[in-house]
Amino acid sequence: MDFRPDAWISHDRAGSITVPADVDFVWVEGTGIIREEVAPWLDASIYLQGDLDEQERLLGDRDGDSSEQREHVASWLREELPFMLREQPWLRATLIVAGPSPVDHDPDIELVVARPPSS
């Protein structure tokens, strides 16, 4: 089954999320789902880590670089950054997908896997 989140449709964003037919439940959400009070109900979670400057550039490429869009992103970050510092969802994630890899690879067909940092 292919699923397109409402926000993707309303913003005319391409693509969809393919969900296997035999799963009982899949929750697609940003980092807010990996917060402490929800963690006991999650079987697995994936944290997508990225460079903030690169993420802002990609948002501009995707959604435009108007003054309204820049203010929207700034407003979102005023809430998102304190949330991220408080919740640290990467500490509860089952899997962390890191941003751009320093290892030379073809991102269309190759996945770079790294060992977790030593404690």
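Described below are features of the structure shown in this document. No experiment lies behind these values; they were computed from the predicted model shown.

## What about the overall build of the protein chain?
Point 1. When its secondary structure is counted, the protein chain shows three helices and four strands.
Point 2. Beginning at the N terminus, the succession of helices and strands in the protein chain can be written as β-α-β-β-α-α-β.
Point 3. Expressed along its principal axes, the backbone C-alpha trace of the protein chain runs to roughly 40 × 35 × 35 Å.
Point 4. The burial tally for the protein chain puts 18% of its 119 residues in the buried class.
Point 5. Relative to all contacts within the protein chain whose residues are 6 or more apart in sequence, the contacts with residues 24 or more apart total 51%.
Point 6. Within the structure as shown, the protein chain displays about 9,900 Å² of accessible surface, and the carbon and sulfur contribution to it stands at 55%.
Point 7. Placing the 10 positive and 25 negative side-chain charges of the protein chain at their respective mean positions leaves the two points 4 Å apart.

## Section: the side chain of Gln-69
Point 1. On the secondary structure map, Gln-69 appears in helix 3 (residues 67-87).
Point 2. The class for Gln-69 is buried, based on a relative accessible area of 14%.
Point 3. Discounting residues that sit within four places of it in the chain, Gln-69 has contacts with Asp-63 and Gly-64.

## Considerations on the environment of Gly-64
Point 1. Positionally, Gly-64 belongs in the loop between helix 2 (52-63) and helix 3.
Point 2. Ignoring any residue separated from it by four or fewer positions in sequence, one finds Gly-64 in contact with Leu-59 and Gln-69.

Conventions and cut-offs
- Residues numbered from 1 in each chain as written.
- Predicted model: local features only at pLDDT ≥ 70, side-chain atom pairs only at ≥ 80, totals over all residues.
- Heavy atoms only, no water.
- Helix = DSSP H or I, 4+ residues; strand = E, 2+ residues; numbered from the N terminus.
- Buried < 20%, exposed > 50% of the residue type's maximum accessible area, 1.4 Å probe, protein only.
- Contact = heavy atoms within 4.5 Å.
- Areas by Shrake-Rupley, 256 points an atom, 1.4 Å probe, with all protein chains shown as cover.
- Lys, Arg positive; Asp, Glu negative; His and termini not counted.
- Charge placed at Lys NZ, Arg CZ, Asp CG, Glu CD.

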